[in-house]
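# An overview of the molecular structure
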Amino acid sequence: MYAVLAGGVGAARFLRGLTAIVPADEVVAIVNVGDDLERFGLRVCPDLDSITYWLSGTVHPEQQWGRADESHVVATELERFGHDPWFTLGDRDLGVHIHRSWRLGQGASLSQVAEEVRRAFGVEVRLIPATDDRAETRIVTQDGRDLHFQEYWVGERGAPPVAGVHLAGAADARPAPGVVEALLDADAIIIAPSNPVVSIDTILAIPGIAEALRTTPVPVVGVSPIIGGQVVRGMAHKLLPAVGAEVSAAGVAAHYGPEVLDGFVIDTADADAVDAIAALGIRCVATDTMMDDVEVAASLARTCLELAAELAG
Ligand code: GDP
Ligand code: CA
């Protein structure tokens, strides 16, 4: 079994490659919930849903998140009432949020609902939210505001300079059932090429998860989300400096550190960083990591598993 720490789109692109080379039912993704929000009383879980849509082939191909063939009838009707459409939800997407919210209201846990949703979409990868408790990523801006991650990223388009990032509610959150077990029992743990600050750190901030990664005998291999010193998409370049990390493959490796990482896979464009990363005590390999097609993603996943096997042996 392979455990993958996962954010949204970067992780989804990686999981598509991994499931091309190993049986999907042998993969467990532990998914960030720090981005989750409430809209009109509905629970929205962007990272769980991005992965579900990608792995079921229902994702919007250009946007890379949300649903293909999406419409916005409900969102347009809501504007009639003067609602600010800052976070627009498509009609198909709303079906998932309605089901999830209804089940949570009945007392189901988020991990139970994530299981139902992925099965309903025919996704064989097990998707476990990092926690069933509410823990919310907050962005502290340099002008002194404390914003929900989505208010910062979607509401303000990531414009305000960032002073810091924290996961509100982390101290009282517990790993969801199956998370720590997966980290202790896996053949390999992979940290997907996701946003290190608002996708991976927010998983590691749940008490017990970072400790499991530091103490597990299972090899932990990360993949750099930075290619040629640049993010592929998203806002990691704005957030890494706010947590004291350099925006580079080596910066991300150093940020996770050798206590968490046994190995790190970086892009060939950053191959000159291999020695610096190895000097941290992290075995480092460079390969093609731009996963625009499934072949590259599969080959990257194979490199990760080979590195993990080498580290285990
Ligand atoms: P989000 O929650 O949807 O933003 O997705 P993630 O946190 O999973 O991923 C965002 C990160 O994935 C960004 O920092 C991107 O640079 C990285 N990323 C996206 N696609 C790729 C890819 O094909 N290769 C690599 N190496 N990184 C990628
Ligand atoms: Ca996300």
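Residues numbered from 1 in each chain as written. Chains lettered and ligands numbered in written order. Predicted model: local features only at pLDDT ≥ 70, side-chain atom pairs only at ≥ 80, totals over all residues. Heavy atoms only, no water.

## Thoughts on the site of ligand 1
Every one of the 21 residues lining ligand 1 counts as a neighbour, but Ser194, Ser199, Pro225, Val232 and Thr289 are closest to it. Here an oxygen atom of ligand 1 sits 2.8 Å away from a polar atom, N or O, in the main chain of Val232. Met291 is positioned with one of its backbone polar atoms (N or O) 2.8 Å from an oxygen atom of ligand 1. Ranked by the residues each element gives to the shell around ligand 1, the list is headed by helix 1 (residues 9-21), at four residues. (Near = heavy atom within 4 Å. Polar contact = N/O pair within 3.5 Å; in protein donor to acceptor, adjacent residues only side chain to side chain. Helix = DSSP H or I, 4+ residues; strand = E, 2+ residues; numbered from the N terminus.)

## A closer look at unusual backbone geometry
Non-glycine residue Gln64 carries a positive phi angle of around 75 degrees. Inspection of the secondary structure puts Gln64 in the loop between helix 2 (46-55) and helix 3 (73-79). What makes Gln64 buried here is its relative accessible area of 16%. Even without glycine at this site, Arg157 takes up a positive phi of about 55 degrees. In this structure Arg157 comes out as exposed when scored by relative accessible area, which is 68%. (Buried < 20%, exposed > 50% of the residue type's maximum accessible area, 1.4 Å probe, protein only.)

## What about the packing of helix 1 against helix 13 (residues 294-312)?
Relative to each other, helix 1 and helix 13 sit at 75 degrees, their axes nearing to 7 Å. In this view, helix 1 runs roughly perpendicular relative to helix 13, as classed from their interaxial angle. Contacts from Arg13, Phe14, Arg16, Gly17, Leu18, Ala20 and Ile21 of helix 1 reach helix 13 at Val294, Ala297, Ala298, Leu300, Ala301, Arg302, Cys304 and Leu305. Of the residues assigned to the contact of helix 1 with helix 13, the class counts are eleven nonpolar, one polar and three charged. (Axes fitted to C-alpha atoms, helices over the stretch in contact; angles between N-to-C directions. Parallel < 35°, antiparallel > 145°, perpendicular 65-115°, else oblique. Contact = heavy atoms within 4.5 Å. Nonpolar A, V, L, I, M, F, W, Y, C, P; charged D, E, K, R; others polar.)

## A closer look at the sheet that holds strand 8 (residues 162-168)
Pairing is antiparallel in the open sheet, where three strands are placed in the order 7-6-8. Looking at strand neighbours, the two that pair on one side only are strand 7 (146-148) and strand 8, the edges of this open sheet. For this sheet the average axis-to-axis angle between neighbouring strands, irrespective of direction, equals 30 degrees. Bridge count for strand 6 (residues 136-141) against strand 7 is three bridges, and the pairing is antiparallel. Paired with Val140 across the two strands is Asp146, which belongs to strand 7. (Pairing = 2+ DSSP bridges.)

## A word on helix 1
An ideal rise of 1.5 Å per residue puts 18 Å on 13 residues; helix 1 measures up with 19 Å between its terminal C-alpha atoms. Listed in full, the buried residues belonging to helix 1 are Val9, Ala11, Ala12, Arg13, Phe14, Leu15, Gly17 and Leu18. Buried residues along helix 1 sit in contact with strand 1 (2-6), strand 2 (27-31), helix 2, strand 9 (188-191), strand 10 (220-223) and helix 13. (Expected span 1.5 Å × (residues − 1).)

## Thoughts on empty space enclosed by the protein
Unoccupied space between atoms shows up once a probe the size of one water molecule is rolled over them. Inspection of the entire model under this criterion finds three cavities of 30 Å³ or more. Of the volumes computed, that of the largest cavity is approximately 100 Å³. Along the walls of the largest cavity sit Arg39, Phe40, Ala75, Leu78, Glu79, His83, Asp84, Pro85, Phe87, Thr88, Leu89 and Leu94, which together make up its complete lining. At three residues, the largest contribution of residues to the lining of the largest cavity is made by helix 3. Here the residues of the lining of the largest cavity are counted per class, giving seven nonpolar, two polar and three charged. Taken as a whole, the second largest cavity encloses approximately 60 Å³ of empty space. Together, Leu48, Asp49, Thr52, Arg100, Val113, Ala114, Val117, Arg118 and Leu127 line the second largest cavity. Broken down by secondary-structure element, the contributors of at least two residues to the lining of the second largest cavity are helix 2 and helix 5 (110-120). (1 Å grid on protein atoms, 1.4 Å probe; cavity = no way out; pocket = protein on both sides within 12 Å on 5 of 7 lines; lining within 4 Å. Points joined across faces, edges and corners; volume = space filled by probe spheres on them.)

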